[in-house]
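Fold and geometry: a report
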Amino acid sequence: MTATPFRTRPRARARARTALLCAALLAATIQTASAAAPASVEGPGGPGGHGGRACERTRGPLDGEARQVRDITQRAKDELKLNSVEVKVTVDGREVLTDALGESMTGVPAEPDMHFRAGSVAFAHIGTVLLQLVEERKVRLDDTVERWLPHVPDAENITLRMLATNTTGLHDYVTDPAFLTELTAHPFRHWTPQDLLAYPYSHPFWYAPGTNWSYSHANYLLLSEALEKITGTRIDELMKQRVTGPLGMRNTQNNFTPDIPAPALHAFTSDRGIYEESTFWNPSWTTAPGAVITTHICDLARSAQAIGSGELLSPRSYRTLLNPGTVGLGTPTATCPASICLKQTEQAHFGLGVIVVNGWVVQNPSFSGYGAIQAYLPSDRLAIAVSATKTADAPEGNMAEEVAERIAAALAPDTPLAIT
């Protein structure tokens, strides 16, 4: 549902596992200007929460950066053999281009207002909620969790910060072979938190909590539960009250069922060995109930800008979002191999619900045929949002990242978005 610093792309069942790994790609992600006259001004409020405009293609003849971005996107779609690509780019909140290329289904054009699964984008929102609660002195980042999560092994030594930064040492159920076998065989199965946590709880910790770094979806499943108990409010309502509502992201919502609000962007994948539709595979395994979100490309760009700039946080909390103490962690040990305990560097590291890559603030969900990315470069106030779906001949991995990297190379050549 994410992707993580240092991309290690699994492949047999590796192939069957790749997209089903939601964003186990996250633990696989960090390996290592100005805009021409904008077409419109974005802002919260109005229908769809976009300055009174629906999420639609940029109007009028395209020129300058708008034409450049569209040409890059079209070439990428053709070269990567993608079924659809949706893109929105803004600079300082002003639209450069909003567009959708290709098809949702055969004969059904992709449109910018189509909804898709956003996976780990919710982690950035949850991390922001946690930091807001810290600002309000309702909790401290270094509070241990036994009060709210007494069922968690070693809860008296695990803090909210550790859950939010992936430093607990808990295994990731998404890469557990037993889980993958079940998920591959039964993509429509509904999973409960208890079902999912049984996998990491069946293994010893990779390391003592707080002493190393390794990506685990279990951390954000548990953090969501803790935030619900701290506030007495469901996680979907917390995110609506504190993130998506204030940002005018009216097309970003939790879904307690596999349904996707209409209009839906359809997805297809070869993860199980045949090319098949995966739009309504059950996403309950991806994170906590209440945080399984869908969005559209305009909301994704708004999320990129707001989270990446720290719009909802104090300057101090924003600095914590970007580096909550993870830089320098990630050391292979006798009990944690180099493929798990991944090096966190200044150039590429996991923050607090976000990934920081060469100065870009990123989230990059990829699972069940859906690939997306939100990326923001604070120095240029540049936001890039891309969603991509695949044909049977498309490469493995999150192709939205590839499209975004090409756009970034054109608009911010001195600061590459070097995810791969």
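Here the structure is shown first, and the text comes after it.
Structural notes, computed from the coordinates. (Residues numbered from 1 in each chain as written. Predicted model: local features only at pLDDT ≥ 70, side-chain atom pairs only at ≥ 80, totals over all residues. Heavy atoms only, no water.)

Some points on the overall build of the protein
- Helix and strand content of the protein: eleven helices and 14 strands.
- Accessible surface computed for the protein: about 14800 Å², of which carbon and sulfur atoms make up 53%. (Helix = DSSP H or I, 4+ residues; strand = E, 2+ residues; numbered from the N terminus. Areas by Shrake-Rupley, 256 points an atom, 1.4 Å probe, with all protein chains shown as cover.)

Details of the environment of Y215
- Summarising the element assignment, Y215 is placed in the loop between α6 (193-201) and α7 (217-231).
- Remark: the alpha-carbon pair of Y215 and C341, spanning 126 residues in sequence, is separated by 8.1 Å.

Points about the side chain of S214
- Tracing the backbone through its elements, the reader meets S214 in the loop between α6 and α7.
- Sequence-distant contacts of S214, defined by excluding residues within four places in its chain, comprise N166, G169, L170, W206, Y207, N219 and I340. (Contact = heavy atoms within 4.5 Å.)

Overview of the sheet that holds strand β5 (residues 253-254)
- The strand order across the open sheet formed by three strands is β4-β8-β5, and the pairing between neighbours is antiparallel. The open sheet has two free edges, formed respectively by β4 (116-117) and β5, since each of these has just one partner strand.
- The pairing of β5 with strand β8 (residues 293-295) spans two bridges and is antiparallel. Residue pairing across strands places N254 opposite I293, the latter belonging to β8. (Pairing = 2+ DSSP bridges.)

A few points about the nonpolar core
- Counting 115 residues, the largest nonpolar core has L227, W360, V386 and I407 as its most contacted members.
- Examining the composition of this core, we find that nine residues originate from one element, helix α3 (residues 121-135), more than from any other.
- Setting aside chain neighbours within four positions, we find L227 in contact with I126, V129, L130, L133, T233, I235 and L238. (Core = buried A, V, L, I, M, F, W, Y, C linked by side-chain atoms within 4.5 Å. Buried < 20%, exposed > 50% of the residue type's maximum accessible area, 1.4 Å probe, protein only.)

Some details on the pattern of salt bridges
- Under the counting rule described, the total for this entry stands at 20 salt bridges.
- The salt bridge partner of E56 is R59, with a shortest N-O separation of 2.4 Å.
- The residue K229 makes a salt bridge to E225 at a minimum N-O spacing of 3.2 Å. Here K229 and its partner E225 are both found in helix α7, four residues apart, which amounts to about one turn of the helix. (Salt bridge = Lys/Arg side-chain N within 4 Å of Asp/Glu carboxyl O.)

Brief notes about the packing of aromatic side chains
- All chains considered together, the criterion is met by ten aromatic pairs.
- Relative to Y199, the ring of W191 lies with its centre 6.3 Å away and its plane at 55°, an arrangement referred to as tilted. Y199 matches W191 in its accessibility class, with the two residues each being buried.
- Of the aromatic side chains, those joined through ring pairs into one cluster are Y173, F179, W191, Y199, W285 and F367.
- Here the basic side chain of R189 rests over the ring of W191, its NZ or CZ set 3.7 Å away from the ring centre. (Phe/Tyr/Trp six-rings, centres within 6.5 Å; stacked < 30°, edge-to-face > 60°. Lys NZ or Arg CZ within 6 Å of the ring centre and 35° of its normal.)

A look at the state of the cysteines
- For the structure shown, the criterion picks out two disulfides.
- At a sulfur-sulfur separation of 2.1 Å, the disulfide partner of C55 is C298. Every disulfide takes its handedness from the sign of the S-S torsion; for C55 and C298 that torsion is 85°, giving right-handed. Note that C55 is positioned in the loop between α1 (14-18) and α2 (64-79) and C298 in helix α9 (residues 297-309), a separation of 243 residues in sequence.
- A relative accessible area of 7% places C55 in the buried class.
- A relative accessible area of 3% means that C298 is categorised as buried.
- The side chain of C336 participates in a disulfide bridge whose partner is C341; the two sulfur atoms lie 2.0 Å from each other. When the S-S torsion is 105°, as for the bridge of C336 with C341, the disulfide is right-handed. Both residues of the pair, C336 and C341, count as buried.
- Along the protein, the cysteines engaged in disulfide bonds are linked according to the scheme 1-2, 3-4 when indexed in sequence order. (Disulfide = S-S within 2.5 Å.)

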